[in-house]
Structures are given as structure tokens and as C-alpha cells.
Amino acid sequence: MELPVTTPDSGGIKKVSYTIETRNLSYTLPSLYDEFSWIFCCNNPKRPQKFIIKEVDCEARPGEITAIAGPSGAGKTTLLEILAGKISSTKVTGQVLVNGHPVNANCFRRLSGYVTQEDALFPLLTVEETLMYSALLRLQGGKKEAANRVGVLIKELGLEHVAGSRVGGGSNRGISGGERRRVSIGVELVHDPVVILIDEPTSGLDSASALHVISLLQEMVAHQGKTIVLTIHQPGFRILELFDRLVLLSNGCVVHNGSLEYLEERIKFSSLQIPPHINVLEFAIDVTGSIVIQTSETPNIHFHLKDHGEKKGSLTTSKHNDMVGKCPSYSNSHIEEILILGGRFCKNIFRTKQLFATRIIQALLAGFILGSIFMNVDNNLGQVALQTRLGFFAFSLTFLLSTMTEGLPIFLQERAIFMRETSRGAYRVSSYIVANTFVFLPFLLMVALLYTVPVYWLVGLRRNMDGFLYFVMVVWMVLLMSNSFTACFSALVPNFIMGTSIIAGLMGSFFLFSGYFLSKEKIPNYWIFMHYLSLFKYPFECFLLNEYGGKGGKRCLESERGDCKLFAIDFLRQQDLKESQKWSNLAVMLCFILGYRVLCYLILWCRCYRTRN
């Protein structure tokens, strides 16, 4: 089904309303055996299925708040994720209907708003900036339209007093938990969705903040006619009264689907007395849990409730059911997406002290300290001086390549936000990769200059401007390679611990096979591929060619009794290096940069594809 794309408008255009219904919806938890059943070929014994939700029939209507409640493990979040399209329809039996038609999950994700239980926000952006960037990515009409929408939304969310405050989170102090929760809701409301799905909106909030959030949703229902579905564990009396419809789950089965008043009637009809100071839902969860345990074979006999006058499977449909429209496309062009994302990347970089100030100070200090240690090594001749110079080149590469892995936590934090935004159709994966690449170009060039300027002249490398500029170019390419390498594996690994382990192991392997410890001829044939994949090999050779090639080829490196035993050009021949490799190696390094970025794009695209399908 292609959904109508008419959006609410303050100018009086009638809104398209959506009624969501599930019919016999079931979802089983795949076992490890099922994942690898292809290994066992014909031996495929039937194994009992573990249902997360089983034969769920429920309904959410426009102009109502529908709350999915139940004890922990009842399947609340799973049901909400199925409605939001986060769980593939191929893994689910039964139907999810929107206005009586099978839902197109990809279109529905773009038209609806889905707020996860965890607040995935950039901690260093202000509340207004967070909502503004979301509006720029989700709305058409440019900055003016986005600014108007954000202004209205901030007032609706009651965030005027913290609009200029940073969101914060973790070790970064920012706004309160209730305010952060409202910002998360606001991020999904910027495109004014008619359907809003929220997982545990009151989780971690005090009673006043929780009531504020639910009251805000109730106002949207009353004035804007939205369809709101949320999960909740055990709400208080005041919050419970704001719900229009309640879906009560127990062990994945629907125990009640209807109004709160009728749930109370059915409890009384079952000769059960609700104790004082306990609300209806809290008591129903306790009683229902015990009944299901006692009658596990027929979990839906007790309290399978529907409101008076409703027929099973009845559906309130909109008169727009027969509307057929195209699934909404991206709001911005590729160039516009790159500019918006680039602006957001820049703000995050300049406000991240660990990534910006520390990297600048680190580059300067490393340049001066290394320069003072290896100062004027070239004034001496002999094997020791040559080995010292080679050691300086090797240590420089180790420092430059290893320090860029510090950005791994930031990449992983951004990935969670990236997955949420792309799954809702905010922008293209390619735009994200291109913006991320271009933003780091000037930043890493600055780091390269801050390191190179002191170290190059203190160590006493070839005192020519062309040699200095080439050295800067190589250092810049090394930083870009490391940055692309880290970005690639941050897209691949599941967490920080595995990411640091894999990156550290590969960096050590690259250094081992670079040619510094073992020459290419001494590396076993079955390991020679690591020599050519090494990120150390090509910049190391560039340093040698820049220092001992060209006009410096006639320089004497070793002498005995006034006679030169080893010229620079002879040393390069011993290393099997040619002058032409000075530029071909740069081309290979550029291929590494682009290759890792393309690989990063493919990994992220596959992640997004799996999320969408």
C-alpha cells in the first residue's frame, strides 16, 4: 500500500488520519540453531518456538493515545518495533494494517515518528541546534521554514528556557532527563508526523517530568488528531487517566484491548477486589501474570477484553483510504544534505575538546619533543646516524597512525544517531560519508602542519621548501588514511572494546610487515600480501625518497678515511626504491583513503538496508 502523503498544516488543510491495526501478529525469537540450520542440511529437527508476541490483535486510532503495557518481558517493545517497521515483516506472521491496508514499512517509517527508549542525541549541540538540524534534514523549504517549525516546536515542548543550552549526556553536563526526553520527541516531530510511536517515554524520569511528557502528548492528540502509540511499564494514577486505549500484554499475548474503564469492570466481574492505593493497571498486571502462569495452555481465556459494541477486527478507517500517493522522497538534494551534515560535523568537532584541543596540543608537543630528541642527527655520518634517522621515520608513522584511533568512540556515538536518522529517511548514506570526509580534510591538514613545522626543521631534514611541502603532504595523507581506517571499522564493529582490539591488532601487523623490520625479500610468500596492504609501507618509502632522493641523492651517508662508502642514491637502490615511487606511493595512499571510505559506505549501507528490510 502506498500511503497518503498529505501533511497537517496550520492553515486549515484537513489532516490525513491513520488507524493502525494488527491481526494475528506473532513473532518468535530465532535460536542459534535456526541461524545456522543450513549447516545441518537434511538433519533439521523441529524445535519448539519461543514466542515474543503471539496472535496479537490490537488497534490504535487517530485522536487517541494507545498505551501498550505489561510486565517486563511481555513483548511491549517488540510489538512497538514491529509497528514502527524496525523488525522485518518477513520474520513476522500475521498482518499490520494501516487504514485497512497492508503497510509499506519503508514509507510508513518516513511518514511516522519513532522515539527509542535511549536518547540518541549529540551532547555538544544546543537544544535549538538539535531540532534545527533535524528540521533542515526532514523538511523542504530551507532555513526559514525550518526555523519557523523549530520555534513552534520549542514552545509546544516547553523548552524555551533551555533552547540555548547544550543537550549534554554522560560526562557532559547539560539539560535534565525530562528535558532531554522532550528533545528526543521533538526530533521526531519536526516533520509533523500523524503517527507517533514512543518506547517508554517516562523511563528514568521523576513523576513530575513523566506527567509533563504525557500531558504534552495528550495535547497533540486533542488539538492535532495524531495517532500516538507508546509503551509504558507502571504509570501513576494521573498519567493513567490520560490514556484513551490500553493494550495489556502478558507473555506476548493480549489480555486486554480497550478502555481503562472496561478493564476495571472486567476485573470486578472476575470477583477480584482492587486494593486501595493501587491503580487499575498495576493490579491487572499482577493478577494477569499469576493467571497466565496457572493456565499457560490457554493464556487468552482470561481477560480477553474488548469494549462494548466493538466487533473483533472492527476498524475505524479514514475516508482517505483510497488515496494513492508516492512514498515521500528525500527532502534535500545531495549537495544540500552534504552542506547540512558538514555544518553539524564542524560544530561537533570544534566543541569536542578530546578531538580538537587535545589533538592540536598533542601534535605540537610531539613535534617539539621528537625534534629535540632527534635534533640534527644528519650532522653525523655512519650507520648509527642512518639507523637513527630511519627510527625517527618509523616512530613518526607509529605516532601519526595510532593517535587517530582516538576518534573511535565519537564515530560509534555518531553511528547510533546515523542509523536512526537514515532509517527514517532523513538523508542518504552517501551524503553522510562525503560530508564526513570533506570536514576532516582541513582539520587534519592543520594537525599535519602543527606537527611538521617544528619536527622537520629541528631534526634537520632536507632543507628545501619542496622537501618540506612534500613531507607535509605525506603526513596529511597518513592522517587521512588513519581517519578513514578508523571510520571504516567503527562502521563494522559492534562496540568500542572490539573496535580498539581489531584496530590495534591490524596496526601492529601493518607495522610488522612494513619493511622496516623485515625486507620484502625476507617476508614469507604466504604473508607478502600484508606487505602491500600495510599502511606503513608507502609513507615510509615516501619519507626515504624525499630525504635521500632527487638532488639529495649525491649526499654521502657513510665515509671511511675521507672516502664515501655509501651515497644516498645507493642506499635507495639497496632498499629497492625508485624515484618514480615518490608520486606513485602517494597515489596508492590516496587509493587507501578512498577505498576505506567506500568500504565504510558499503558497510553502513548494508546496515541501513537490513534495518529497512
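Residues numbered from 1 in each chain as written. Predicted model: local features only at pLDDT ≥ 70, side-chain atom pairs only at ≥ 80, totals over all residues. Heavy atoms only, no water.

Under the annotation held in an unreviewed UniProt entry, the protein chain carries the name ABC transporter domain-containing protein and is attributed to Anisodus acutangulus. Its UniProt record gives the protein chain a comment under Subcellular location (unreviewed entry), which states: "Membrane". (UniProt positions renumbered as here; feature names shortened; annotations may be inferred.)

(A) A look at the overall build of the protein chain. Across its full length, the protein chain holds 21 helices and 12 strands. For the protein chain, the residues scored as buried account for 52% of the 613 residues in total. Taking the intrachain contacts of the protein chain between residues at least 6 apart in sequence as the baseline, contacts between residues at least 24 apart amount to 77%. By element, 58% of the accessible surface of the protein chain is carried by carbon and sulfur atoms, the whole surface being about 28,700 Å². (Helix = DSSP H or I, 4+ residues; strand = E, 2+ residues; numbered from the N terminus. Buried < 20%, exposed > 50% of the residue type's maximum accessible area, 1.4 Å probe, protein only. Contact = heavy atoms within 4.5 Å. Areas by Shrake-Rupley, 256 points an atom, 1.4 Å probe, with all protein chains shown as cover.)

(B) Inspection of the packing of helix α13 (residues 383-403) against helix α19 (residues 537-548) at higher detail. It is at 10 Å that the axes of α13 and α19 come closest, and there the two elements cross at 140°. By the angle between their axes, α13 is oblique relative to α19. Judged by the sense of rotation from one axis to the other, the crossing of α13 with α19 is right-handed. In this structure, α13 uses L386, R389, L390, F393, A394 and L397 to contact α19, whose residues at the interface are P539, F540, F543, L544, E547 and Y548. Here the residues of the contact of α13 with α19 are counted per class, giving 10 nonpolar, no polar and two charged. (Axes fitted to C-alpha atoms, helices over the stretch in contact; angles between N-to-C directions. Parallel < 35°, antiparallel > 145°, perpendicular 65-115°, else oblique. Left-handed = near helix turned anticlockwise from the far one by under 90°. Nonpolar A, V, L, I, M, F, W, Y, C, P; charged D, E, K, R; others polar.)

(C) Structural context of empty space enclosed by the protein. A full pass over the atoms with the stated rule returns nine cavities of 30 Å³ or more. Approximately 110 Å³ is the volume found for the largest cavity. Among the secondary structure elements, those contributing two or more residues to the lining of the largest cavity are α11 (334-351), α14 (408-423), α15 (429-459) and α16 (465-492). Looking at the lining of the largest cavity, its residues break down into seven nonpolar, five polar and three charged. Within this model, the second largest cavity holds a volume of roughly 90 Å³. Along its surface, the second largest cavity is lined by F411, R415, F418, Y432, I433, N436, A487, S490, A491, R597, C600 and L604. Contributions of two or more residues to the lining of the second largest cavity are made by α14, α15, α16 and α21 (581-612). Partitioned by chemical class, the residues of the lining of the second largest cavity number eight nonpolar, two polar and two charged. (1 Å grid on protein atoms, 1.4 Å probe; cavity = no way out; pocket = protein on both sides within 12 Å on 5 of 7 lines; lining within 4 Å. Points joined across faces, edges and corners; volume = space filled by probe spheres on them.)

(D) Molecular detail of the pairing of strand β2 (residues 51-60). Counting buried residues along β2, seven of its 10 residues qualify, which places the element largely inside the surrounding structure. Pairing of strand β1 (residues 20-28) with β2 involves six bridges; the strand directions are antiparallel. The residue bridging L25 from the neighbouring strand is V56, located in β2. (Pairing = 2+ DSSP bridges.)

(E) Representation of the packing of aromatic side chains within the structure. Counted by the stated rule, this structure contains 28 aromatic pairs. Centre to centre, the rings of Y456 and W457 are 5.0 Å apart; their planes meet at 80°, and the pair counts as edge-to-face. Arranged with centres 5.4 Å apart and planes meeting at 75°, the rings of Y456 and F468 form a pair that is edge-to-face. On the criterion of sequence distance, the pair formed by Y456 in helix α15 and F468 in helix α16 is long-range, its members being 12 residues apart. Aromatic ring contacts, followed pair by pair, group F374, F392, F393, Y456, W457, F468, F471 and F543 into a single cluster. In this structure, K537 is placed above the aromatic ring of Y538, and the distance from its NZ or CZ to the ring centre is 5.1 Å. (Phe/Tyr/Trp six-rings, centres within 6.5 Å; stacked < 30°, edge-to-face > 60°. Lys NZ or Arg CZ within 6 Å of the ring centre and 35° of its normal.)

(F) Inspection of the environment of S250 at higher detail. Here S250 shows up in strand β9 (residues 245-250). Judged by its relative accessible area of 3%, S250 is buried. The spacing of S250 and S72 is 178 residues in sequence and 9.0 Å in space, taken between C-alpha atoms.

(G) Layout of the pattern of salt bridges. Going through the model one piece at a time under the given rule, you end up with 17 salt bridges. Between R351 and E129 there is a salt bridge, with its nearest N and O atoms 2.7 Å apart. Of this pair, R351 sits in helix α11 while E129 sits in helix α4 (residues 127-138); the two residues are 222 residues apart in sequence, bridging distant segments of the chain. Residue R351 is classed as partly exposed on the basis of its relative accessible area, which comes to 22%. Across the pair R462 and D466 runs a salt bridge, and its minimum N-O distance is 3.8 Å. (Salt bridge = Lys/Arg side-chain N within 4 Å of Asp/Glu carboxyl O.)

(H) Region of interest: the packing of α15 against α16. Their axes nearest at 8 Å, the elements α15 and α16 cross at an angle of 135°. With respect to α16, the element α15 is oriented oblique. Between α15 and α16 lies a crossing whose hand is right-handed. Looking at the contact of α15 with α16 residue by residue, the class counts come to 19 nonpolar, three polar and no charged.

(I) View of the nonpolar core. Formed by 150 residues in total, the largest nonpolar core has its most connected members in L230 and Y451. Among the elements that make up this core, the one with the highest residue count is α16 (17 residues). Apart from the residues within four sequence positions on either side, Y451 is in contact with A363, A366, G367, L370, F392, S396, F399, L400 and V475. I52, A60, Y114 and L197 belong to the second-largest nonpolar core, a separate cluster that totals 31 residues. (Core = buried A, V, L, I, M, F, W, Y, C linked by side-chain atoms within 4.5 Å.)

(J) Helix α7 (residues 207-224), seen in detail. Taking 1.5 Å of rise per residue, 18 residues should cover 26 Å, and α7 covers 25 Å from first to last C-alpha, within 8% of that figure. Those residues of α7 that sit buried are S209, A210, L211, V213, I214, L216, L217, M220, V221 and Q224. In the core, the buried residues of α7 are packed alongside β3 (64-69), α5 (142-157), α6 (177-189), β7 (195-198), β8 (227-232) and α8 (237-240). Backbone geometry just after α7 places G225 at a positive phi near 65°. (Expected span 1.5 Å × (residues − 1).)

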